[in-house]
Amino acid sequence: MRVLVIQHDHICLPGAVGDRLIERGYELVLHQVVEADRFTDPSVDTDFPDPTTYDAVVALGAPWSAYDHATIGSWVLPELELLRQADAADVPVMGICFGGQLLALAHGGTVARAPQPELGWIAISSDDPEIVDPGPWFQWHYDRWTLPPAATELARNPRASQAFVLGRNLALQFHPEMTPEILDRWLATGGLRELDSVGVDSQQLRVESDGMEPGNRARASRLVDAFLDQVATRPASGRERQV
């Protein structure tokens, strides 16, 4: 069994989500869109794999905005088409933060700047704890989605919708994959400046993240299990596809 992992850059890794997929017997096939030497100039060309040749797709986060076509239009539009192809073939997709926002766009929702960013460990409320635990979950985003017409929202907080399902797609606004290694990469590539700008103490966040690591891994494992056992096994919907 193979999972296509779309890794948009060198700092957003599969982390705890990838570890659980491997534990469940899946081979991770990474497709990295932007290499490290193009991180500040991410308008690259990339040939996405055919998603229908995989058992599932995971689209990870990214530091860019899904609607910023001037910066990433060379590959974000083809990725939206990939997500529609996966949906049409009933290939399950998990989208994380930026990846979740792409799922919203691919299926008729919108993405725009949020009134306030969310950075750090933040609680959410859940309508379906068997799929999404109430949290807290790690957040690092400036944008938010509106739900696609056919989606069912699973979780939210006062600042943003946090999770939805649509067919075999699961979109997440938060970062279940977070590990200390991933956080270190984010802090080293502009994250310290971002935290300072919103008044978040980076050292305190690092200490808090170390303490949250075991619990987050357990929650991430349950989330991956729910994706594989509940979302990915939903009957083919036969619904009209969004274009």
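Please refer to the structure placed before this passage.
In this report, the structure presented in the accompanying data block is examined.

### Quick notes on the overall build of the chain
- Counting secondary structure elements, the chain contains 5 helices and 10 strands.
- Against the compact-globule benchmark of 18 Å for 243 residues, the chain has a radius of gyration of 16 Å, which places it among compact chains.
- Overall, the C-alpha framework of the chain stretches about 50 × 40 × 35 Å when taken along its three principal axes.
- Counting all 243 residues of the chain, 55% fall into the buried class.
- For the chain, restricting intrachain contacts to residue pairs at least 6 apart in sequence, the fraction spanning at least 24 positions comes to 73%.
- Counting only carbon and sulfur atoms, one obtains 49% of the accessible surface of the chain, whose full area is about 10,000 Å².
- The average position of the 19 basic charges and that of the 35 acidic charges among the side chains of the chain differ by 4 Å.

### Description of the packing of aromatic side chains
- Summed over all chains, the structure comprises 9 aromatic pairs.
- Aromatic side chains Trp137 and Phe174 sit 4.5 Å apart centroid to centroid with 25 degrees between the ring planes, which places their arrangement in the stacked category. Separated by 37 residues along the polypeptide, Trp137 in strand β7 (residues 137-146) and Phe174 in the loop between β10 (169-172) and α4 (180-197) bring together distant segments of the chain.
- For Trp137, a relative accessible area of 0% translates into the label buried.
- Positioned over the ring face of Tyr54 is Arg2, at 4.3 Å from the centre of the ring.
- Positioned above the aromatic ring of Trp137 is the side chain of Arg219, whose terminal nitrogen or guanidinium carbon lies 5.5 Å from the ring centre.

### Some details on the sheet that holds β10
- Spatially, β2-β1-β3-β4-β10-β9-β8-β6 is the arrangement adopted by the 8 strands of the open sheet, whose pairing is mixed. Looking at strand neighbours, the two that pair on one side only are β2 (27-32) and β6 (125-126), the edges of this open sheet.
- Of the strand pairs in this sheet, strand β3 (residues 56-59) and strand β4 (residues 93-96) are connected by 3 bridges, and their pairing is parallel. Among the inter-strand pairings, Val57 is bridged to a residue of β4, identified as Val93.
- Here helix α1 (residues 15-23) sits on the sheet in contact with β1 (2-7), β2, β3 and β4, set at roughly 145 degrees to β2.
- Seen against the sheet, helix α2 (residues 69-88) touches β1, β3, β4, β9 (160-166) and β10 and runs at an angle of roughly 160 degrees to β1.

### Let's talk about the packing of α1 against helix α5 (residues 202-231)
- With their axes 9 Å apart at the nearest point, α1 and α5 run at an angle of 55 degrees to one another. Taken together, α1 and α5 sit at an angle that is classed as oblique. For the element pair α1 and α5, the recorded crossing hand is right-handed. For the pair formed by α1 and α5, the contact residues are Ala16, Val17, Asp19, Arg20 and Leu21 on the first element and Arg217, Ala220, Ser221, Val224, Asp225 and Leu228 on the second.

### Some remarks on the pattern of salt bridges
- Going through the model one piece at a time under the given rule, you end up with 15 salt bridges.
- Between Arg38 and Asp41 there is a salt bridge, and its shortest N-O distance comes to 3.2 Å.
- We classify Arg38 as partly exposed; its relative accessible area is 30%.
- A residue is classified by how much of its surface remains accessible, and Asp41, at 42% relative accessible area, is partly exposed.
- Through salt bridges with shared partners, a single ionic network connects Arg20, Glu23, Arg24, Asp225 and Asp229.

### Side note on the pairing of β4
- Here β4 shows no split at all, with Val93 and Gly95 on one side and Met94 and Ile96 on the other all buried.
- This β-α-β element, β3 to α2 to β4, shows right-handed connectivity.
- The pairing of β4 with β10 spans 4 bridges and is parallel. Counted as the bridge partner of Val93 is Asn169 from β10.

What counts, and where the lines are drawn
Residues numbered from 1 in each chain as written. Predicted model: local features only at pLDDT ≥ 70, side-chain atom pairs only at ≥ 80, totals over all residues. Heavy atoms only, no water. Helix = DSSP H or I, 4+ residues; strand = E, 2+ residues; numbered from the N terminus. Rg over C-alpha atoms; globule rule 2.2 N^0.38 Å. Buried < 20%, exposed > 50% of the residue type's maximum accessible area, 1.4 Å probe, protein only. Contact = heavy atoms within 4.5 Å. Areas by Shrake-Rupley, 256 points an atom, 1.4 Å probe, with all protein chains shown as cover. Lys, Arg positive; Asp, Glu negative; His and termini not counted. Charge placed at Lys NZ, Arg CZ, Asp CG, Glu CD. Phe/Tyr/Trp six-rings, centres within 6.5 Å; stacked < 30°, edge-to-face > 60°. Lys NZ or Arg CZ within 6 Å of the ring centre and 35° of its normal. Pairing = 2+ DSSP bridges. Axes fitted to C-alpha atoms, helices over the stretch in contact; angles between N-to-C directions. Parallel < 35°, antiparallel > 145°, perpendicular 65-115°, else oblique. Left-handed = near helix turned anticlockwise from the far one by under 90°. Salt bridge = Lys/Arg side-chain N within 4 Å of Asp/Glu carboxyl O. Right-handed = clockwise from strand over helix to strand, strands pointing away.

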